Amino acid sequence: NAGVTQTPKFRILKIGQSMTLQCAQDMNHNYMYWYRQDPGMGLKLIYYSVGAGITDKGEVPNGYNVSRSTTEDFPLRLELAAPSQTSVYFCASRTPRSTNTGELFFGEGSRLTVL
Amino acid sequence: RKEVEQDPGPFNVPEGATVAFNCTYSNSASQSFFWYRQDCRKEPKLLMSVYSSGNEDGRFTAQLNRASQYISLLIRDSKLSDSATYLCVVISGKFYFGSGTKLNVKP
């Protein structure tokens, strides 16, 4: 039962470096999301996708890019990393029924530190 | 104005206490409501649904007041294992998360 898998779990970046956070789900979910969570704060939506080939911005998209070439994968790219991007990143997926069930399936998170 | 607002706490309570968290939401057309639990350094997980008629699951009771646009979660007989952050979630097309209320249950 893999569910939503995120890699890497931990990463330290230097200012100005780039990297990609990987997210894959094996539940054939159309909806996928990237959130960031700063210490002691709530979840902020970065980008989301309602299906392969379709992506849209959330509340805090600046400094990030996404792609959705397949149903399974939804990578998040950080270009020119900044200390303000130090956070925990969560990927999540759901079905259309989730608006009734409330269930978002989260990955275990990726802890990113930018120094 | 934020879609969902919660008191961040922390709420520090002794084992066995009853504790209640509240959450308000701004969109009166919101469709559905839930509570999530997030343990320290873990991902959020769905705890329970919230209905106007109330929803009870063991020691946990969730309630929705649509007129006041207010959601509550009551935990009775608190256990050490209840220590976590509780997030309220409101769905109005999208999922909107509150910033969470931290609960510390002390021996």
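Quick caveat, the model's predicted, so the values are computed rather than measured. (Residues numbered from 1 in each chain as written. Chains lettered and ligands numbered in written order. Predicted model: local features only at pLDDT ≥ 70, side-chain atom pairs only at ≥ 80, totals over all residues. Heavy atoms only, no water.)

(A) Expanded view of the interface of chain B and chain A. Taken together, the contact pairs 17 residues of chain B with 19 residues of chain A. Of the roughly 1500 Å² buried between chain B and chain A on both sides combined, carbon and sulfur atoms contribute 57%. Taken as a group, Glu43, Phe95 and Phe97 of chain B account for 35% of the area that chain B buries against chain A, more than any other trio of residues on that side. Counting the contacts that link chain B with chain A gives zero salt bridges. Mapped by element, the contributors of at least two residues to the side of chain B that touches chain A are strand E4 (32-38), strand E5 (45-50) and strand E10 (94-97) of chain B. Looking at the side of chain B that touches chain A, the element that brings in the most residues is E4 of chain B, giving four residues. (Contact = heavy atoms within 4.5 Å. Buried area = accessible area lost by both parts, 1.4 Å probe. Salt bridge = Lys/Arg side-chain N within 4 Å of Asp/Glu carboxyl O. Helix = DSSP H or I, 4+ residues; strand = E, 2+ residues; numbered from the N terminus.)

(B) Structural view of unusual backbone geometry. Residue Thr7 of chain A is joined to Pro8 of chain A through a cis peptide bond whose omega torsion reads -5°. When you line up the elements, Pro8 of chain A lands in the loop between strand E1 (4-7) and strand E2 (10-13). The step from Gly9 of chain B to Pro10 of chain B runs through a cis peptide bond, and the omega angle for that step is 10°. For Pro10 of chain B, the position within the fold is in the loop between strand E1 (4-6) and strand E2 (11-14). Backbone geometry places Asn28 of chain A, a non-glycine residue, at a positive phi of 60°. Under the relative-accessibility criterion, Asn28 of chain A is labelled exposed at 59%. In this structure, Arg41 of chain B takes a positive phi of about 65° despite not being glycine. Examined against the element boundaries, Arg41 of chain B turns out to sit in the loop between E4 and E5. Relative accessible area serves as the criterion here: at 57%, Arg41 of chain B is assigned to the exposed category. (Buried < 20%, exposed > 50% of the residue type's maximum accessible area, 1.4 Å probe, protein only.)

(C) Inspection of the sheet that holds strand E8 (residues 70-75) of chain B at higher detail. Residues and elements named next belong to chain B. The five strands are arranged E1-E3-E8-E7-E6 in an open sheet whose pairing can be described as antiparallel. Only two strands of the sheet have a single neighbouring strand rather than two, namely E1 and strand E6 (55-57). Within this sheet the neighbouring strands show an average axis-to-axis angle of 15°, counted without direction. The pairing of strand E7 (residues 60-65) with E8 spans six bridges and is antiparallel. Across the sheet, the residue bridging to Asn65 is Tyr70, located in E8. (Pairing = 2+ DSSP bridges. Axes fitted to C-alpha atoms, helices over the stretch in contact; angles between N-to-C directions.)

(D) Layout of the side chain of Arg68 of chain A. Residue and element names in this part refer to chain A. Among the secondary structure elements, Arg68 is positioned in the loop between strand E7 (64-66) and strand E8 (76-78). Buried and unpaired, Arg68 has no salt bridge, with Glu72 as the nearest side chain of opposite charge at 7.5 Å. From its side chain, Arg68 meets the backbone oxygen of Thr70 in a polar contact 3.2 Å long. Only 2.8 Å separates the side chain of Arg68 from the backbone oxygen of Thr71, close enough to count as a polar contact. (Lys, Arg positive; Asp, Glu negative; His and termini not counted. Polar contact = N/O pair within 3.5 Å; in protein donor to acceptor, adjacent residues only side chain to side chain.)

(E) Layout of the pairing of E8 of chain B. All names here are of chain B. Strand direction decides the pairing type here: strand E3 (residues 19-25) and E8, joined by six bridges, are antiparallel. Each bridged residue has a counterpart across the sheet, and for Thr24 the counterpart in E8 is Tyr70. Where E7 folds back on E8, the antiparallel hairpin that results is connected by four residues, among which Gln69 adopts a positive phi of roughly 55°.

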